[in-house]
Amino acid sequence: MVKTTVEVPSLSKVYEASFHIGAAVNVRTIESQKDLLRKHFNSITAENDMKFIEIQPVEGQFTFEKADQLAAFAKENGMKMRGHTLVWHNQTPEWVFEGADRETLLQRMKEHITAVMNRYKGTIFCWDVVNEAVTDEGPELLRSTKWLEIIGEDYIEKAFEFAHEADPDALLFYNDYNESNPEKREKIYKLVKSLVDKGVPIHGVGLQAHWNLVNPRLEDIRIAIERYASLGLKLHLTELDVSVFNFEDKRTDLTEPTHKMLDLQAERYQQIFQLLREYRNHITSVTFWGAADDYTWLSDFPVKGRKNWPFLFDENHQAKESFWKVVQY
Ligand code: HAH
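So, a few notes on the structure that sits alongside this text. Bear in mind the structure is a predicted one, so any value in this text is a computation, not a measurement. (Residues numbered from 1 in each chain as written. Predicted model: local features only at pLDDT ≥ 70, side-chain atom pairs only at ≥ 80, totals over all residues. Heavy atoms only, no water.)

1. With respect to the overall build of the chain
Here is step 1: Across its full length, the chain holds twelve helices and nine strands.
Here is step 2: Its C-alpha atoms give the chain a radius of gyration of 19 Å, near enough to 20 Å, the size a compact globule of 329 residues would have.
Here is step 3: Based on the C-alpha atoms only, the size of the chain along its principal axes is roughly 65 × 40 × 40 Å.
Here is step 4: Counting the 329 residues in the chain, one finds 54% classified as buried. (Helix = DSSP H or I, 4+ residues; strand = E, 2+ residues; numbered from the N terminus. Rg over C-alpha atoms; globule rule 2.2 N^0.38 Å. Buried < 20%, exposed > 50% of the residue type's maximum accessible area, 1.4 Å probe, protein only.)

2. Quick word on the site of the ligand
Here is step 1: Around the ligand sit 13 residues in total, of which Lys-51, His-84, Glu-132, Glu-239 and Trp-289 are the nearest.
Here is step 2: At a separation of 3.1 Å, an oxygen atom of the ligand approaches a polar side-chain atom of Trp-289.
Here is step 3: Looking at the shell around the ligand residue by residue, the classes come out as five nonpolar, four polar and four charged. (Near = heavy atom within 4 Å. Polar contact = N/O pair within 3.5 Å; in protein donor to acceptor, adjacent residues only side chain to side chain. Nonpolar A, V, L, I, M, F, W, Y, C, P; charged D, E, K, R; others polar.)

3. Some points on the nonpolar core
Here is step 1: Ranked by size, the top nonpolar core spans 99 residues in total, and within it Trp-127, Trp-147, Phe-160, Tyr-174, Phe-273 and Phe-288 carry the most contacts.
Here is step 2: In terms of residue count, helix H8 (residues 155-166) provides more of this core than any other element does, seven residues in total.
Here is step 3: Contacts of Phe-288, omitting those with residues within four sequence positions, involve Leu-11, Ile-21, Gly-22, Ala-23, Ala-24, Phe-41, Glu-239, Leu-240, Tyr-269, Phe-273, Phe-311 and Leu-312. (Core = buried A, V, L, I, M, F, W, Y, C linked by side-chain atoms within 4.5 Å. Contact = heavy atoms within 4.5 Å.)

4. Digging into the side chain of Ser-285
Here is step 1: With respect to the element layout, Ser-285 can be found in strand E9 (residues 283-288).
Here is step 2: For Ser-285, a relative accessible area of 0% puts it in the buried group.
Here is step 3: If near-sequence neighbours (up to four positions away) are discounted, Ser-285 is found in contact with Phe-19, His-20, Arg-82, Leu-235, His-236 and Leu-237.

5. Looking at the environment of Pro-310
Here is step 1: Position of Pro-310 relative to the elements: it lies in the loop between E9 and helix H12 (321-327).
Here is step 2: Judged by relative accessible area, Pro-310 falls into the buried class, the value being 0%.
Here is step 3: For the pair formed by Pro-310 and Met-117, sequence separation is 193 residues and the distance between their alpha carbons is 31 Å.

6. Topic: the packing of aromatic side chains
Here is step 1: Under the definition given, this model contains 16 aromatic pairs.
Here is step 2: Both rings, one in Phe-62 and one in Phe-64, keep their centres 5.5 Å apart while their planes meet at 10 degrees; by these two values the pair is stacked.
Here is step 3: By relative accessible area, which is 10% here, Phe-64 ends up buried.
Here is step 4: These aromatic residues form a ring-pair network of at least three members: Tyr-15, Phe-19, Phe-41, Tyr-269, Phe-273, Phe-288, Phe-313, Phe-323, Trp-324 and Tyr-329.
Here is step 5: Above the plane of the ring of Phe-125 lies Lys-80, whose end atom (NZ or CZ) is 4.8 Å from the centre.
Here is step 6: For the cation-ring pair, Arg-82 lies above Phe-173, with the distance from its terminal atom to the ring centre recorded as 5.3 Å. (Phe/Tyr/Trp six-rings, centres within 6.5 Å; stacked < 30°, edge-to-face > 60°. Lys NZ or Arg CZ within 6 Å of the ring centre and 35° of its normal.)

Here it is as C-alpha cells:
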C-alpha cells in the first residue's frame, strides 16, 4: 500500500525527547523544500551563506542578505539555528590573509567573528567556531593553513575567546569530518582536550558525519562518540548524510539508486539512529547536510555531476524506507 502524507509522522516530533533534528539549507531550498522542512525539522544550518566569503567578501563590506533570509525562516517557523562557520581554511576570501602579520590577522578574525555573532545573537544558539583544523594523516596535528602559518597554534583558542566575548550565551563548537576514523579521532580528541585543559570557552564537538553505506564502521562511530563525550562536552552531528556510493564504487551512470542501495541505506540509518538514541544524554542535535534527495552537495562531491541519494526523503520529498527505519523503533 502506498503511504499517504497524513500518515507520515514528523521526524523532529518523534525525536523531540532525544535531540533536535536539523537540515542544512540555502535560499532556494527554504522555498523548494519549505513544507518538508516545516514538518520534519526543528533546526537549520546555512549550508554556505554564513561562511566568511559569503558574509564579508571584501574587507568591511558585510553581505548579510542571504544569511538574514535563512535566519528569518528559522524565526518564523520556531526553529533553532546553528551557525556555520567562523574560522575555516576554505571559502575564506584572499584579502583576509593579504599582507597580514599575526596582529593584523587576529584583528580581522576578531572583527569578523564579532560582527557576525552580534547580528544573529538570540537567533543562533550555537556556532561552529573553528572548522576542520586537524590533519587527516601524518604526524602533524594541525592542518597547514594561513591561519596557522600567520597567527600560530593559538589561532584556535583565540577564535573561541573572541566568539565567547561576542556572545557569551552561544554554545561554541569545534567541528570536523572523518571524526570516526581512529587516527583522526585521536587527533581531534587531543586538540579539543588541550582547549578544555586550558580553560578555553568550548562547549561541544561537532561530528560532521559524512558517512556511506559501510564506512565508518558502526563500532568506530560508537568509540568516537564515547571518546568525545568523555571530555564532558555536548555532541552534535552537524552534517549527516549517508552516501549510496562506497569509496570503491566508481559508477557514474546511475539515474536512480538501486534497490540494493536503498535497502542497505535503510539498514544503515536504522543502526545509526539506534546508536544515537543510546547516546542521547550527550548528543543534543542531529543535523543532515540537506533535507531530501533533490538537493545534496554529494551530487558534486567527490565526483562532479554524479547524482547521490543520501537522505531520508526522496527527490519528491516522499519518505524513503530509511525514514521508516528511523521513526519506527
Ligand atoms: C564540509 N566539509 C564542510 O564543513 C561544509 O561547510 C561543506 O558545505 C561541505 C562539507 C567536508 C569535506 C570537505 O569539504 C572536503 C574534503 C572532505 C570533507
